[in-house]
Structure formats: C-alpha cells, structure tokens
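Each chain, letter by letter, is given below.
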Amino acid sequence: MTTPHHPIAIVGGGLGGLTLARVLHVNGIEAAVFDLDASPAARTQGGMLDIHDDSGQPALRAAGLYEEFRALVHPGGESTRVLDKSGAVLVDDPDDGTGGRPEVDRGQLRDLLLGSLPEGTVRWGAKVTGARPLDGGRHEVTLADGTSFTTDLLIGADGAWSRLRPLLSDAKPAYVGISFVEVDLPDADVRHPVSAEVVGGGMMMALGAGKGFLAHRETDGSLHIYVALAVPEDAFDGVDFTDTEAGKAYTLEHFADWDKSLRALLADADGPLTPRHIHALPIGHRWERVPGVTLLGDAAHVMSPFAGVGANLAMLDGAELGEALAAHPGDTEAALAAYEAKLFPRSEESAAESAANGVLMFGEDAPQGMLDFFASMG
C-alpha cells in the first residue's frame, strides 16, 4: 500500500492546532489535522478562558472569526475577586464591559474553530506514537493503529507531553510544586447559593500560604473550582480520589482553619474529584532550527497557568505560523525561522511571568502579593 502524504500535517486538534489550520485555510493553504480523540465530543474541553486583546483576539481576527467570537462572550465573566482565608473580600473588580480579556467557554470556542474548517480537515482517532526524519526535511509519522503517513511540514500542537518535541529538544516538563484538585458545583445559584455569592460573576481567588481556591463561573451556571496545594509531587500517591469522600477529606485537611464558606466550595461539590499536577518546561525553552518541523502551544512552551496565557499563546502561535507560511510561499524554512524568532522571546517572557505569579499567589504572605499586583495595575 502507498503511504499517504500530506504537505502540511498538524498533530493536535486543540485551540492552537485548529487556529493554525483555520489561518492556513483563510490563506488558501490546505492542512491535515490529526487528533487522538475519537470524535469532537469524546471529552469535555475544560472551563472558561479569558481571551486577551494582545494575543487570543488578534489570532481570531487573523482567522476571520472575531465577530463570531464576540457572540460567545460571557457577560460579567471578566469580574475578579480576591479573598483571604477568612472569606473577607479584599479585591472586587466588576466586569463593566470595557476590559480587554472577555471570558468564553473553551468548548464553544473550539467548536467555532472546528466549524470553520472544511469537512475532513481533522482526522479523529489518530493517535501519533512517534515520527522520524526523512530526506529533504520530510518526516514519517506513525500512528497507534500501525499506519503511517509522510509530510513535508510537521507541526507539533500536541500538548505538554508532545510526541513530536523529541525531534527538536530533549526538554521535558517538570513539576512546579503546585497541584490542583478540580471539582464542580452545578446549577450553583439554586443548589449552592452561598458558594455562588462567594465566587461572584467571574473569577475568584481565595489565597493563603501554599494553598488556595481558584474558581470560575461557567456559562451554564455551574462553578468550576481549582483547589490549589503546594505539596510534593508524590503527595497524592496514597489518596484514592475515585473515593470522593476520601478525596475531599484529605484535601480539606489542608484548610482546617479556613472559613466554612470557602471550605464548602470543595465540601459541597457534586461529582468526581480530578487531581492534577502542574508541570512546566524550563523558562526560555527553545531549539535549533530543524528542517521541516516546529512546535506550537504547550508542546513548545507549557507553563504554569498563573498568568492565564496558555490558550492565548497557543492561538497566537497558530495564527502567526499560518501567516508566516502564507508570507513565504515555497520557502518553508524561511517561514519557520520567522515564526520561531517571535515565538521564543514571547514564550520566555510569559513563562517567567507565570512562574512569578505563582509565587505571588501562594507565597508566605499570600494574598498580599496579589493585592500588591492589583494595586500596581491600578
């Protein structure tokens, strides 16, 4: 059988990979996207995203989807609260509609991007297991089902644990010292009114030394809670989080002296608990130019979430890569060099900011660090 060939192959159908495919399509360039999920609905896509006016929004403009994006914005979602462990509200910044970071549902944004692509662009159930270089900058990519394909340009948009990163770099994400336990409170205004009032209309941060509650109000009226703990990487090893009550009891032990209104964000949660370790690539991660391959999004620069820029950077990466390829027809290497020249310093700056924000949020004087940050921002 003849091995299929794709001039441009994007591995990963997240926001970054789809933005790249869309910008290429807008510029008349065909690409194939390979995603390991069996279908677009195979798993939930996470919670709310604030789409920044200096990154995610320009990417959506390049994709020709800005007006459609505006229709998805969650009114009031840009409001922000900061509390201490007693439940006292120290910062209460309402969403007056004039901010530059409106909130949207990640799943709705992904659906917008998917719907903007020609049918068949995304190959579902295509789990990439590895790739090897061929001559002339081409690569052969192998899939879990035993098949393979070749490509002239291979783009890794396949997340923190990218299977394609080893083509360019030996770097691996490392634990940053913070872990999350994620929970949900559905139909919060009716079923959990106290928690709904604590969180407010957008984002809430209740912070203390080495721990905290980070919460978002979702478009469906639920609350998504990230319980943050500064613990060793193996701290969860003896905890059975599939036993919901046992998982809650373990996590709540860390908040014994916190106000009951904050503890209720976890204690009253419905459904399963999801433990998650936070990992990041080294700040300033970069690679030497390798013909015919590059990375974007978390594959290139996974960082802690404490600057809220991960999805925005992935989309901007995708848009700028697509525009660079359109601007250099017939010269892929010039396009990749131009793209990476902007990618590396931008991602280094953002990774450093994310790491610094983690110290502000969970330092010994928390929440004072975040109060000082908000004061500096006016």
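Since we're looking at a predicted model, the values are computed, not measured.

Novice: Before we go on, may I ask you to explain the sheet that holds strand β12 (residues 203-208) in this structure?
Specialist: Each strand in a sheet pairs with its neighbour through backbone hydrogen bonds, running either in the same direction (parallel) or in the opposite one (antiparallel). In space, the seven strands of this open sheet follow the order β5-β4-β12-β13-β14-β11-β15, with mixed pairing throughout. Two strands in the sheet have a free side with no partner beyond their single neighbour: β5 (89-93) and β15 (270-280). On average, each strand axis in the sheet is inclined to that of its neighbour by 15°, with strand direction left out of account. Strand contacts of helix α7 (residues 244-252): β11 (174-185), β14 (223-229) and β15, with the helix running at about 50° to β15, the strand carrying the most contacts. Across the sheet, helix α8 (residues 260-267) lies against β4 (80-83), β11, β12, β13 (211-217), β14 and β15, angled at about 70° from β13, the strand it touches most.

Novice: When you look at the packing of α7 against α8 in this model, what are you seeing that I'm missing?
Specialist: Closest axis-to-axis distance for the α7/α8 pair is 10 Å, and the angle between their directions is 150°. Taken as axis vectors, α7 and α8 run roughly antiparallel relative to one another. When the axes of α7 and α8 are compared, the crossing they make is right-handed. Here K248, T251 and L252 of α7 come into contact with α8, specifically with R263, L266 and A267. Here the contact of α7 with α8 is built from residues that sort into three nonpolar, one polar and two charged.

Novice: I keep staring at the packing of helix α1 (residues 15-26) against helix α4 (residues 106-115) and nothing clicks. Help me out?
Specialist: The relative placement of two packed helices comes down to the angle between their axes together with the axis-to-axis distance. Where α1 contacts α4, the axes come no closer than 9 Å and their chain directions differ by 25°. Judged by the inter-axis angle, α1 sits roughly parallel to α4. The element α1 and its partner α4 pack so that their crossing is left-handed. In this structure, α1 uses L15, L18 and T19 to contact α4, whose residues at the interface are R106, L109, R110, L113 and L114. Of the residues belonging to the contact of α1 with α4, the class tally is five nonpolar, one polar and two charged.

Novice: How do you make sense of unusual backbone geometry when you look at a structure like this?
Specialist: The phi torsion of most residues other than glycine is negative, and most of the peptide bonds are trans. The step from A366 to P367 runs through a cis peptide bond, and the omega angle for that step is 10°. On the secondary structure map, P367 appears in the loop between α11 (332-362) and α12 (368-376). Even without a glycine there, the phi angle at D187 is positive, about 45°. Examined against the element boundaries, D187 turns out to sit in the loop between β11 and α5 (188-191).

Novice: Even after reading the chapter, I still don't get the packing of aromatic side chains, so can you show me in this structure?
Specialist: Under the defined criterion, the tally for this structure stands at 13 aromatic pairs. A ring pair is formed by F34 and F149, whose centres lie 4.2 Å apart and whose planes are at 10°; its orientation type is stacked. Highlighted residues: F34 in strand β2 (residues 32-34) and F149 in strand β10 (residues 148-156), separated in sequence by 115 residues. Look at F34 and you get buried, because its relative accessible area is 5%. Judged by its relative accessible area of 2%, F149 falls in the buried class.

Novice: Sorry if this is basic, but what is going on with the pattern of salt bridges here?
Specialist: A side chain of one charge can pair with a side chain of the opposite charge if their charged atoms are brought near each other. Going through the model one piece at a time under the given rule, you end up with 14 salt bridges. Measuring nitrogen to oxygen at the nearest pair gives 2.5 Å for the salt bridge that ties R276 to E182. With R276 in strand β15 and E182 in strand β11, the pair connects residues that are 94 residues apart, well separated along the chain. What makes E182 buried here is its relative accessible area of 10%.

Novice: Hey, could you run me through the nonpolar core in this one?
Specialist: General note: in soluble globular proteins, nonpolar side chains tend to be found buried as a group. Judged by nonpolar contacts, the single largest core of 58 residues is most densely connected at I10, F69, L109, I155 and L321. In terms of nonpolar packing, the next biggest core, distinct from the first, is built from 30 residues, A188, L223, Y250 and L265 among them.

Criteria and cut-off values
- Residues numbered from 1 in each chain as written.
- Predicted model: local features only at pLDDT ≥ 70, side-chain atom pairs only at ≥ 80, totals over all residues.
- Heavy atoms only, no water.
- Pairing = 2+ DSSP bridges.
- Helix = DSSP H or I, 4+ residues; strand = E, 2+ residues; numbered from the N terminus.
- Axes fitted to C-alpha atoms, helices over the stretch in contact; angles between N-to-C directions.
- Contact = heavy atoms within 4.5 Å.
- Parallel < 35°, antiparallel > 145°, perpendicular 65-115°, else oblique.
- Left-handed = near helix turned anticlockwise from the far one by under 90°.
- Nonpolar A, V, L, I, M, F, W, Y, C, P; charged D, E, K, R; others polar.
- Phe/Tyr/Trp six-rings, centres within 6.5 Å; stacked < 30°, edge-to-face > 60°.
- Buried < 20%, exposed > 50% of the residue type's maximum accessible area, 1.4 Å probe, protein only.
- Salt bridge = Lys/Arg side-chain N within 4 Å of Asp/Glu carboxyl O.
- Core = buried A, V, L, I, M, F, W, Y, C linked by side-chain atoms within 4.5 Å.

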